[in-house]
Amino acid sequence: MNPNKKGYFGKFGGRFVPETLMNAIEELTDTYFRMRKDKKFNQKLSGYLKDFVGRPTPLYFAQNFTNLLKGPKIYFKREDLCHTGSHKINNTIGQVLLAKEIGKTRIIAETGAGQHGVATATAAALFGLKCEVYMGEEDIKRQSVNVERMKLLGTKVVPVSSGTKTLKDAINEAMRDWVANVEDTFYVIGSAIGPHPYPLMVRNFQSVIGKEVRKQLLSVEGRLPDCLVACVGGGSNSIGLFSTFYNDKKVKFIGVEAGGFGLNTPKHSSTLGAGSVGILHGTKTYILQDKHGQILPTHSISAGLDYPGVGPEHSFYKESGRAQYVSVTDKEVLKAFHLFSEIEGIIPALESTHAIAYMMKNAKKFKKSDVVVVGLSGRGDKDSGIVEENE
Ligand SMILES: *Cc1c(COP(=O)(O)O)cnc(C)c1O
């Protein structure tokens, strides 16, 4: 589905930004809507996705996992095989290419786990643009390998010491930078969040995932999947997988959020499972807030899901019942991480492992003849330290 002219999916989305950003956002919207249909732009983008990112990524039938669960047939969409190790690059290549078309010379971004920072730094290097990435001091400590990667790619990493020194504070700083430098600067947002047109634009750049799945599954199974399962942080890999099947009402969508220590504790990041409607980072959506509207601290074993908001299109899917949102705990994720690595020979990102853990817990709810596609959003080498610490 598409949002209305003002960027609303039902009652969610829109643009809640300072007046000083309106011009830049209007310019971005105009350019994006033009380029979206531009043959040359799309050819360029497809060329980079193919030869630089490594698309199409495989749709892999996980025989061992399927046998073990004695449940449905389970396929994995292998975004872990994208250049830089996750789906994030599908979006950053698109946005930085767009920045180049508008004539911007400077790229900014924010990052939590560092995955989006690395993907942005990579695209900026490819297209020869200056790049600065905001990152909370706490995250810089936790994710030193990704900080090094960004530096090697020629990006300046700017430490953020306000608030909880994590992702939401880095986003606030990046927004401030954008307001001050809007003339020459393009803000690359890393998930399907933020003011219109970002949720739509990021969704469309990531929808290459779902489009490939449709084609690949039709060719091996001769039919559409019964169910799609993906982890939800800000919601970009999941919406990229789901949205193509929006009108195929028989295809079920299941989004898996980070349950952390459990939803009965304050330590989780289950925005759709436990949040309420509010405004965060320029969009109206489900957020985790206290009764005064203050953003609550979040927790997840996976830094990439550790965010107190979610994309507005997911909020719409939740309210309309198109998708179901569930959560799994850190503990369940750790168990699934080991099991999956050992039996499939693939080390999944802890984020993606949420979707795997959901399948382990719920295989019995499916029919044996069902076909399920699970989004494997990234690879897990980056997580070996965190896993060790939690053992
Ligand atoms: C960032 C990240 C996520 C979460 O972001 P979404 O926008 O919800 O996709 C999930 N998996 C991996 C591997 C990530 O790096």
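No experiment lies behind these values; they were computed from the predicted model shown. (Residues numbered from 1 in each chain as written. Predicted model: local features only at pLDDT ≥ 70, side-chain atom pairs only at ≥ 80, totals over all residues. Heavy atoms only, no water.)

1. Structural notes on the packing of aromatic side chains
Here is the rule: Ring geometry is summarised as follows: Phe, Tyr and Trp rings, the Trp one being its six-membered ring, pair when their centres sit within 6.5 Å, and such pairs are stacked at plane angles under 30 degrees, edge-to-face over 60 and tilted between the two. Helical segments are the DSSP runs of H or I of at least four residues, strand segments are the runs of E of at least two, and each set is numbered from the N terminus. Think of it in three bands: residues with accessible area under 20% of the maximum for their type are buried, residues over 50% are exposed, and the middle band is partly exposed, with areas taken using a 1.4 Å probe on protein chains only.
Scanning the entire structure with this criterion turns up 14 aromatic pairs. Seen in terms of ring centroids, Phe-65 and Phe-76 are 5.9 Å apart; in terms of plane orientation they differ by 55°. Their pairing is tilted. Of this pair, Phe-65 sits in helix H3 (residues 63-69) while Phe-76 sits in strand S4 (residues 73-78); the two residues are 11 residues apart in sequence, bridging distant segments of the chain. The exposure class of Phe-65 is buried, given its relative accessible area of 0%.

2. Here's the deal with the site of the ligand
Under the convention used in this document: Being near a molecule or strand, for a residue, comes down to having at least one heavy atom within 4 Å of it. In the analysis that follows, any N or O atom pair within 3.5 Å is treated as a polar contact, provided that within protein one partner can donate a hydrogen and the other can accept it, and provided that, for residues neighboring in sequence, both atoms belong to side chains. Using a 1.4 Å probe, accessible areas were evaluated by the Shrake-Rupley method; residue-level cover was limited to the displayed protein chains. Residue polarity follows a fixed list, in which Ala, Val, Leu, Ile, Met, Phe, Trp, Tyr, Cys and Pro are nonpolar, Asp, Glu, Lys and Arg are charged, and the others, Gly among them, are polar.
Residues in contact with the ligand amount to 18 residues; listed here are only the nearest, Lys-88, Ser-191, Gly-235, Ser-236 and Ser-377. For the ligand, an oxygen atom lies 3.0 Å from a polar atom in the side chain of His-87. At 2.8 Å, a backbone N or O of Gly-233 approaches an oxygen atom of the ligand. In isolation the ligand offers 380 Å² of accessible surface; the protein chains occlude 97% of this area. When its residues are assigned to classes, the shell around the ligand shows four nonpolar, 12 polar and two charged.

3. Some points on the nonpolar core
Operational definition: Buried Ala, Val, Leu, Ile, Met, Phe, Trp, Tyr and Cys residues that are joined via side-chain atoms within 4.5 Å together make up what is termed a nonpolar core. What makes two residues a contact is simply this: any of their non-hydrogen atoms within 4.5 Å.
Counting residues in each nonpolar core, the largest one holds 86 residues, and the members touching the most others are Trp-178, Phe-186, Tyr-187 and Tyr-317. Counting residues per element, this core draws most heavily on helix H4 (residues 88-102), at seven residues. Look past the residues within four positions of Tyr-317 in its chain and what remains in contact with it is Ile-239, Phe-242, Ser-243, Tyr-246, Phe-253, Arg-322, Ala-323 and Tyr-325. If you look at the next biggest cluster of nonpolar residues, it comprises 31 residues, including Cys-227, Ala-355, Ile-356 and Ile-386.

4. Section: the pattern of salt bridges
Working definition: two side chains of opposite charge can pair if their charged atoms are close together. Short version of the rule: Should a side-chain nitrogen of Lys or Arg be within 4 Å of a carboxyl oxygen of Asp or Glu, the pair is scored as a salt bridge.
On inspection of all chains with the given rule, the structure shows 22 salt bridges. Across the salt bridge formed by Arg-15 and Glu-26, the nearest N and O atoms sit 3.6 Å from each other. Pair noted here: Arg-15 is in the loop between strand S2 (12-13) and helix H1 (19-35) and Glu-26 is in helix H1, with a separation of 11 residues, a long-range link. The exposure class of Arg-15 is partly exposed, given its relative accessible area of 22%. As a salt-bridge pair, Asp-381 and Arg-379 come within 3.6 Å of each other at their nearest N and O atoms. Taking the relative accessible area as the measure of exposure, Asp-381 reaches 47% and is therefore partly exposed. Each of Arg-55, Lys-77, Glu-79 and Glu-212 takes part in a single network of salt bridges with overlapping partners.

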